[in-house]
Each structure stands twice: as structure tokens, then as C-alpha cells.
Amino acid sequence: MTTPLRYRLAAAVPALIGLSLFVVSLAVLRRELDAVSWLTLTADARRIPTPALVAAVALTCLNFATLTLYEFIAFRFIKKTLPRWRVAGASFVAYAIANGVGLAAITGASVRYRFYRRWGVNAGELSRIMFSYLSTFWIGLLALAGFSFVFSPLLRAHPVATALAAPLGWLLLAASAAYVGATAVFREPVQLGRFTFQLPSPGLALAQLVVSSMEWTLAGGVLFVLLPADRASFLTVLGAFLAAQLLGLASHLPGGVGVFEGSIVMLLAPFYGAAELLPSLIVYRFVYYALPLAVALVALITFEIWTRRSSVAHVAHLVDQTSETLLPRLFAGFAFLAGVVLLFSGATPAAAGRLSLLNRILPLGIIETSHIVGSMAGAALLLLSQGLSRRLDTAYYGTASILSIGIVTSLLKGGDYEEAMLLAALLTALVRGRWAFYRKAAFFETRFSPAWIAAVVGAIGASIWLGFFAYRHIEYSSDLWWQFELSSEAPRFLRASVGAALLVLVVTLRRLTGPAPHKIHAPTKEELHAAGAAIAMQHSTFPFLVYLGDKGLLFDGDRSGFLMYGVQGRTWVALGDPVGPPECIPRLIRIFLERCDDFGGTPVFYKVQKEHLHHYADFGLTFVKLGEEARVDLTTFSLEGSDGAKFRQVVRRLQKDGATFRLIPPADVPEILDQLRVVSDDWLKERSAAEKGFSLGFFDATYLARFPVAVIERAGEVVAFANLWPGPGKEEMSIDLMRFHHSAPKNVMEALFVHLMAWGKANGYRWFALGMAPMSGFEQSSVAPLWARVGAFLYDHGDPVYSFRGLRLYKQKFDPRWEPYYLAHPGGLKLPRILADVSALVAGGYLRIVFGQGTSRRPPSLPPPADQRVAPDSSRTVKGPAAWSVVQ
């Protein structure tokens, strides 16, 4: 049930790289700022010349205006037109938030989705817009960075880097040129792995290159005008700026914070001292990141309020339902930033004069307590943001409460009204978005991703680093911890840092000593009752497998639908499509994907039908075909005439052997359970097989007594049986557990099927489902995907392992209609592991995939695993091991 260590370590590598870059950057800044004090640094930042500030703001405005051209190129790419003011407004808000919060592919897409869905842009068009934006973003960065690495005079100041920078520069230039060239060569959609995308025209590609180069040049210009004049050329600063941006992007930190600053200090060291660079970098952060972010947040809140009050509020509600997957991540990013703000505020001195004013109004104890509580609130926001991204209602209420506490403590610890206003704005937006946080999962049960852990550690570490830098002139001793004076701000920082670190430590210990990782629990009677009501809302018989009790259940909010699943290793397998009314299907798919994400699982939907594939595609899943199910049309089935002759012959042969058919109602099944068990045990012994489970029925008295059982009897003894699934609304009937004694007449199961079909027709059923023929229905083609070619090969040549062709030919004699079944999964190279895990889940363990026999693998609270379905004919059984149970 737990994630293997190697997978967790692999997932942690990017986070560790980012955290390492961040730590190295802090060490560089610490060394370079050895002789600089916090007061000097902040004073120098305030002394940036007004003309430089005006120029920086103007270039920032021009930069964001150029960024809107990214959007116009994207709309030209998808051949769609919207009013320009709408595109420009949405573009500004999206880019400002993406720059400030980070994770541009998520936060930028979230904001665009909020705007564009209301203006008629569908999900497919939005994905193409994001592709256009990302390609535009990178092509200019690569081209300009490559040019700078090759030709910038910055390299002459760093001779050690020359040997690496020049080849890297040419490589980056070649990459941007290759993209433009590819748009001329590949005019048809290009497939890369599981992704298929259309490249823009060569004209649009050149426009992307020009616009992106302009935008990156303007962004570098904002920093250049804030630096002391006449020290380095613009090309030198631009080269350092682009290299620092690349390192910041590699760190995956919002805006490359810390990494960007440390890189700039190192790269421009020959031209500027650290004490000269840091004030400009602080102002650059404010002008280029914080100011646009604040404006964008106000604009977004205004837009939401206006939309909610408009006459089309019902349309907005619909959009809310479709975009709820994206918005919580946006709120999570803002909550994390709010936590950083509170931590940094607690680590730095209060504004001059405000403490003295507060001291006249408040006792010193309140100021001291507020300082500690404020930093702990910041640490709490870092932790709660993870729950917000997963839409947990507990995280929502916790964040709202902590933001309220943060507002109060910001005012009481140092009169930081700017900080309080920022937190109040976020709280207002969060309250407006209450509808998006509906999940009831426990906060401590869900996992923290490696990236989130690294971000929390980095934020706490950065705040402590900032505090020691701000109070570096203080001589540290044990007495500082006990100094409680208005002017003793360093002791307050130490106590606040310990409080924040202790909170994170307590949460960490709580997770380490808390409940075990996710386990599947047997469904309760109440859950089975709710599942039965959902089954009645659709027509398939496959959901009756829920009554085996060996799978976990996930319900939607009002329990109108459910999904059954199992876990094997890192793979979470949902069995079949979600069950219930059609409108609950996408909702349940999302709930399952969220649950998998909570615990780091790989989501898989096993045996899904073709009519629902678009729902899985909407969530980015891909598909492989498992085989085809035989469905007999009972309205045309008949024992009469020439078409029914073969069936009449089977029935007469059974009668000649002295055997009879009988359908036993559920109430009478307990009376024959001993006979059924004898047949079942003999069937398993003859095949040296062990009970299996999950997607196949197994011998269980409670399960069998829930349904009618069809039996073939001879001399008063049961020699063959199958439990019958009579579907809701008489649309479909099927069988699950099929077994016969070695002494049963030849072709006994065929005779049983014929009797059941005749019974179903007489009782008004529409279809009889004969089960799936694995690996059948694949097209024989050299251009087919690899899995299709493998499936076709196994179907043609796999008889020594499993009678694929024989099973289909056997079922074909009933003249069925063949319906395909699929496996939906995340794609990539995970398919072999997924197939192995699903096979192990059905077989009861990895060893039993190969050897078939062995002790049952079952959780104590669950029934034993179930049996493998085989060819329903005594003359044709499955050959070899149960390795192919995954495709049944």
C-alpha cells in the first residue's frame, strides 16, 4: 500500500536540486554581504534615484504590454478572435500572478481558464494557448541567452566559464533555430510520447522569436536602469540577467527567489559590489514582481465580484464547477507567499517609530506575543497551502483562521498595516472562493510532495538567514533569549523563529507518528446500500463486483455515484467506469485522481468503456485497448429455425446425458452452497489454481447468496454452476463465477449459456454479456502503436500461454456484438509496471502471477481474493500461468 522508496527518492530529486541551488545562493549572499548591515541595505534601497524608479516602472509597463503580444500570437495560432481589451486584461493578470506566485504552467492556466471559459474558449483551445505561450516564452529566452553566452563581454570577466559558456550558447541558439525550422517542416500534428500538438506556421514562429526576445530584453532593462550607472554595459547585464533567470527556472522557486539574486551577485561581481547590487535587486523585486502582482490580485477580485453580481450568475456557477480543479492551486500559491511575508516580517526590524507608538497603547507582553504568533502563523500558512491545493475544507477553514490571526498580529507586533492589507485581500478572495474547497479528507492523511517539503524548508531557512543578516551587528549570547524590552528586536526574532520551526517540527512528528499510510477498508452495510442505489441508476452488470467486498469505495458528495478501487504497490486501480448517473462520472474521476495525488499513487482506470473515454481524456489520461467483450442481442436470439439448430443440439445433448438446467433464486442459494463448494474446489484442484480477486468473482457464501445461481444437475447433484447478474432495467444480464466438476457432461457450460439466454429472452432482457476476449480486436498494421502491435501478436501467437484466439472463436458461435474495453492511465513509460501491478492485484501477489498457487493475500478486514475467469468450455481451458489475468 505504500510507495516504494526508490520512487519517492526519484520524485525528490528535482526538489533537492532546487533546494540545493537555494542554499548555495544564500551562502553566496551571506559571504558577499559580510560587511553590509540591514539598515544600510534598506536605506540604500530607499535612495534609488527617482528617475531610475520611473524608468523601471515604465519599462515594466512596456514589458507587460509586450507580454500581451504572447496572447495575441496564441489566439492567432488557434484561429480565434476575442476583443483585444479582454485578451490584454486577462494576459496582464495571468502573467503578473504567474511571475509572482511561480508555477506558471499551473497558475497562469488557472487565471486564463477563469477568464477565457466565460468568453467561449474551450479546454482544447486553452491547452493550445498554453503551448503557444510556453514555446514563445522559451524560444526568445534560449535565443537571447545563447547570444549572450557566445558574444557577451561578461565571459571575459569569467575566463573559467568561457570553455563551457560558448558551446552552451551555440547549443541554445541551435535549439531556437531548430524550433523555427521545425515549423516549416512539420505541417501535420506532431506526436511526442503521449502528447500530440500542432506547430504554428513559420511566420508565427518568427513572430514568437521576435516578441519573446523583445520581452526578455525589456525585463533585463528593468534591472539595468536600477543599477548604478556607467559600471557595465547593457549587454553585460543582460547576459547575467538571462543566466540568472535560467538558474532560477531550474530551481522551480517562485521567481527564482534567492537563486536569481545569488547568481546576479556572482556574475556581476567584477563590475559591482554586493552592497551596490542588493538594493537594486530588492527594488527590482518590488517593481517587477510585487507591484504587478498586487494590481493583478485587485483586478481578479474585482472581476470575480462583478461576475457574481451579474445577471448571468448561473453561467458563472457552471464555470466555477469546471474550473474548480485549477483555482485551489492559485489560492495555495498565494497562501504560501502570505506565509513567507509573515516569516520575513518577523525576521526583520519594525518600521522606525511604529514600535514606540504601539508601546504607548499596548503592553509589551502583547507586542512580544504577537511577534511569536505572527511567525508561527506564517509557518502554518506554508503547511496549510498544501491542503488548499487539494481542496480540503479543513485547510480552507484553517487558512481563513490563520489569515485572520496574521492580520491582527501584523498590526500588534509592529503596526505593519501594509502587511495586514495584503493578508486581508487574500482572505477576501479566499472567502469568495469557498465553493472550491469541499473535500473531507483528513489533512494529516495526505502526503506532502517533495517539492512542497523543499519549499517549506527553504522558506523557514530563508527567514532565519534574513534575521541573522538583519541583526548581524548583535553579539549573540544565551542572555538574548530572556531579554524583553521594546528595543530588543533581535531576541524577538530568535523566539519567533524557534516558534515557527517548532510548529513545523510538531507537524512533521505528527505525520511520522500518525496513522499508517492509506489502507483500503471493506465497505460497510451503509456504503453497500448506497452503492446499490447508484447501480440502479445505470444499466451495466459489471458494478455488481462491489458486493465481493474486496475493494475500497469512493463516493461523490451526495452519494449518487461511486467508484471501486484497489491498490497494488504504487498503482491505484479503479475498476470499471464510475457508477451512477452520467453527470457524476467526471466528478468521480476527479475525486479518484485527487485521492491518488494525495498519496503519490499512479491512477489507473481498468476496463472502461468507449463511450466514456472523453471524460478520461479531459483529465490528460491516455488509453490502451485490453480486448473486446461479447454481447449477445437477446431480442434476436432464438432456439427456433435454422439459426437455432446448433443451440437446440447442445440442449438435446445435455438432456441425453441426463442433466437438467435450473435457476435458483437468491433465497434458496444457501441450501445448495455445500454442493457448489464441492464443484468449486474440484474446479480449482483440476487446474491447480488458487482463488483470485478484484475484477473476478470468487467463492464466497454471502456474495453467491445475493444473486440467482444457474446450475446444471445430474442425478440430483450439481455438476456446474454460474452466478447470474440480472442488470437494472433488464437492459443487460451477465454471469460472473463459472465452475464445473470434472465429471460434468462435455460442453456443459455452453448448454448453461444457451439456457440462460433463453431465460433472459423470455424475461425481457436486452443483452447477455459473455465476458471479454483479451487481446482481440487489434488492427494488424506496422504503423499501429507498440501496444496494439504487441496485442495483435499475442492474439495470433499466444496460445501456448493463453488461448486468446480460441476464447474469441468460442464466444463467436453465439453471434455476439463485440464492444471494446480500455485501460486509462497517465501514459509515458509506466505501462509495463501498471500491467504488472494490475495482474498482481487480480492474482493476489506478484509471485502468483507466475505460479498461480499459493496462500491467499488478503487484508484482515477483507474477503479472500477471487477466481480467474477462463474459457467456459470443458474442452478449452486457459493454458499456462495466470499472467494474463490483467486483460480479462
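What counts, and at which threshold
Residues numbered from 1 in each chain as written. Predicted model: local features only at pLDDT ≥ 70, side-chain atom pairs only at ≥ 80, totals over all residues. Heavy atoms only, no water. Helix = DSSP H or I, 4+ residues; strand = E, 2+ residues; numbered from the N terminus. Buried < 20%, exposed > 50% of the residue type's maximum accessible area, 1.4 Å probe, protein only. Contact = heavy atoms within 4.5 Å. Phe/Tyr/Trp six-rings, centres within 6.5 Å; stacked < 30°, edge-to-face > 60°. Lys NZ or Arg CZ within 6 Å of the ring centre and 35° of its normal. Patch = residues over 30% accessible without salt bridge, like charges linked within 9 Å, V, L, I, M, F, W, Y side chains within 5 Å. Areas by Shrake-Rupley, 256 points an atom, 1.4 Å probe, with all protein chains shown as cover. Salt bridge = Lys/Arg side-chain N within 4 Å of Asp/Glu carboxyl O. Pairing = 2+ DSSP bridges. Axes fitted to C-alpha atoms, helices over the stretch in contact; angles between N-to-C directions. Expected span 1.5 Å × (residues − 1). pLDDT = per-residue confidence, 0-100. Parallel < 35°, antiparallel > 145°, perpendicular 65-115°, else oblique. Left-handed = near helix turned anticlockwise from the far one by under 90°. Nonpolar A, V, L, I, M, F, W, Y, C, P; charged D, E, K, R; others polar. Core = buried A, V, L, I, M, F, W, Y, C linked by side-chain atoms within 4.5 Å.

Visitor: Tell me what's going on with the overall build of the protein chain, and back it up with residues and numbers.
Guide: Along the backbone of the protein chain there are 31 helices and 13 strands. With 888 residues in all, the protein chain has 55% of them scored as buried. For the protein chain, the proportion of contacts with a sequence separation of at least 24, taken over those separated by at least 6, is 75%.

Visitor: I'd like a description of the packing of aromatic side chains, backed by residues and values.
Guide: Per the counting criterion, the structure on display carries 31 aromatic pairs. Considering the side-chain rings of Phe77 and Phe131, the 6.3 Å spacing of their centres and the 40° angle between planes classify their relative orientation as tilted. Of this pair, Phe77 sits in helix H3 (residues 50-77) while Phe131 is found in helix H6 (residues 123-151), placing the two residues 54 residues apart along the sequence. Here the aromatic residues Phe64, Phe137, Trp138, Trp216, Phe241, Phe260, Tyr284, Tyr288 and Tyr289 are joined through ring pairs into a cluster of three or more. Over the aromatic face of Tyr289 sits the side chain of Arg285, whose NZ or CZ is 4.7 Å from the ring centroid. The residue whose ring lies beneath Arg559 is Phe555, and the NZ or CZ to ring-centre distance is 4.6 Å.

Visitor: Let's hear about a nonpolar patch on the surface: which residues, and what values?
Guide: Taken together, the side chains of Trp481, Trp482, Phe484, Val498, Leu502, Leu505 and Leu509 define a hydrophobic patch exposed on the protein surface, amounting to about 720 Å² of accessible area. Here Val498 is to be found in helix H20 (residues 489-513). Assessed through its relative accessible area of 35%, Val498 is described here as partly exposed.

Visitor: Account for the side chain of Ser695, with residues named and values stated.
Guide: Looking at the secondary structure, you find Ser695 in the loop between helix H25 (673-686) and helix H26 (701-704). Ser695 gets classed as buried once you look at its relative accessible area, which sits at 1%. The contact partners of Ser695, leaving out residues within four places of it in the chain, are Phe542, Leu545, Leu575, Tyr606 and Val842.

Visitor: How would you explain unusual backbone geometry if you had to name every residue and give the values?
Guide: Excluding glycine, residues mostly have negative phi values, and the peptide bonds linking residues are mostly trans. The phi dihedral of Ala715 is positive, around 55°, even though this residue is not glycine. For Ala715, the location among the structural elements is in the loop between strand E9 (709-714) and strand E10 (717-726). Residue class for Ala715 comes out exposed when judged on its relative accessible area of 78%. Of note in this structure, Lys730 is not a glycine but carries a positive phi near 55°. By the element assignment, Lys730 lies in the loop between E10 and strand E11 (732-740).

Visitor: So what about the sheet that holds E9? Which residues, and what values?
Guide: Taken in spatial order, the 11 strands of this open sheet run E3-E4-E5-E6-E13-E7-E12-E11-E10-E9-E8, and their pairing is mixed. With partners counted over all chains shown, the strands left at the sheet margins are strand E3 (552-555) and strand E8 (659-664), one partner each. Put simply, the sheet's adjacent strands are angled 30° from each other on average, direction ignored.

Visitor: I'd love a proper account of helix H11 (residues 259-267), names of residues and values included.
Guide: Counting buried positions along H11 gives 7 out of 9 residues, so the element sits mostly inside the fold. If you check which residues of H11 are buried, you get Val259, Phe260, Glu261, Gly262, Ser263, Ile264 and Val265.

Visitor: Just give me the short version of helix H18 (residues 417-432), but keep the residues and values in it.
Guide: Count 3.6 residues to each turn of an α-helix, and residues three or four apart come out pointing the same way. Compared with an ideal rise of 1.5 Å per residue, which puts 16 residues at 22 Å, H18 spans 22 Å between its outermost C-alpha atoms and is within 8% of the ideal. Taken as a whole, H18 has its buried residues at Glu419, Ala420, Leu423, Leu426, Leu427, Ala429 and Leu430.

Visitor: Can you break down the confidence of the model for the protein chain residue by residue, with the values?
Guide: Chain-level statistics for the protein chain give a pLDDT mean of 77 and a share of 74% at 70 or above. Low pLDDT, under 50, characterises residues 1-7; the predicted model gives this stretch 13 contacts beyond four residues in sequence or across chains. Residue range residues 853-888 is modelled with pLDDT below 50. Its contacts to residues more than four positions away, or to other chains, number 131 contacts.

Visitor: Go over the pairing of strand E4 (residues 562-568) with me, naming the residues and quoting the values.
Guide: Of all 7 residues making up E4, 7 are buried, and the element is well covered by its neighbours. In this structure, E3 lies alongside E4, joined through 4 bridges in antiparallel fashion. When the bridges of E4 are listed, Leu554 appears paired with Leu563. Taken together, E3 and the strand that follows it, E4, pair antiparallel across an intervening segment of 6 residues, in which Arg559 is found at a positive phi of about 60°. For E4 and strand E5 (residues 571-575), the ladder comprises 4 bridges, and the chain directions are antiparallel.

Visitor: Residue-level account of the packing of helix H14 (residues 327-347) against helix H16 (residues 364-389), with values.
Guide: Two numbers describe how H14 lies on H16: the axes approach to 8 Å, and their chain directions differ by 160°. It follows from the interaxial angle that H14 and H16 lie roughly antiparallel. As for how H14 packs across H16, the hand of that crossing is left-handed. Along its contact with H14, which presents Pro328, Arg329, Phe331, Ala332, Ala335, Phe336, Ala338, Gly339, Val340, Leu342, Leu343 and Gly346, the element H16 presents His371, Gly374, Ser375, Ala377, Gly378, Ala379, Leu381, Leu382, Ser385, Leu388 and Ser389. Tallied by class, residues from the contact of H14 with H16 come to 14 nonpolar, 8 polar and 1 charged.

Visitor: If you had to explain the nonpolar core to someone new, which residues and values would you point to?
Guide: One finds Phe241, Ile264 and Tyr284 to be the most contacted residues of the largest nonpolar core, which totals 92 residues. By residue number, the principal contributor to this core is helix H12 (residues 274-309), which donates 12 residues. In contact with Tyr284, not counting residues within four places along its chain, are Ala219, Val222, Leu223, Leu226, Phe241, Gln245, Phe260 and Tyr289. Of all hydrophobic cores here, the second largest spans 50 residues; its members include Leu545, Leu553, Phe694 and Tyr703.

Visitor: Describe the environment of Pro491, naming the residues involved and giving the relevant values.
Guide: Mapped onto the elements, Pro491 comes out in helix H20. The spacing of Pro491 and Glu368 is 123 residues in sequence and 9.7 Å in space, taken between C-alpha atoms.

Visitor: Talk me through the packing of helix H17 (residues 393-414) against H18; I want residue IDs and the actual numbers.
Guide: Taken N-terminus to C-terminus, the directions of H17 and H18 make an angle of 160°; their axes are 8 Å apart at the nearest point. Considered as vectors, H17 and H18 are oriented roughly antiparallel to each other. Judged by the sense of rotation from one axis to the other, the crossing of H17 with H18 is left-handed. Taken together, the residues of H18 that come into contact with H17 (itself represented by Tyr396, Thr399, Ala400, Leu403, Ser404, Gly406, Ile407, Ser410, Leu411 and Lys413) are Tyr417, Glu419, Ala420, Leu423, Ala424, Leu426, Leu427, Leu430 and Val431.

Visitor: Please give an account of the pattern of salt bridges that cites residues and values.
Guide: Taken as a whole, this structure holds 15 salt bridges when the rule is applied. As a salt-bridge pair, Lys413 and Glu419 come within 3.9 Å of each other at their nearest N and O atoms. For Lys413, a relative accessible area of 4% puts it in the buried group. For Glu419, a relative accessible area of 8% translates into the label buried. Salt-bridge contacts for Glu750 lead to Lys813; the nearest nitrogen and oxygen are separated by 3.4 Å. Taken together, the residues span a long stretch of sequence, with Glu750 in helix H27 (residues 748-762) and Lys813 in the loop between helix H29 (804-812) and strand E13 (817-825) at a distance of 63 residues. Take Glu750: its relative accessible area is 8%, and that puts it in the buried class.

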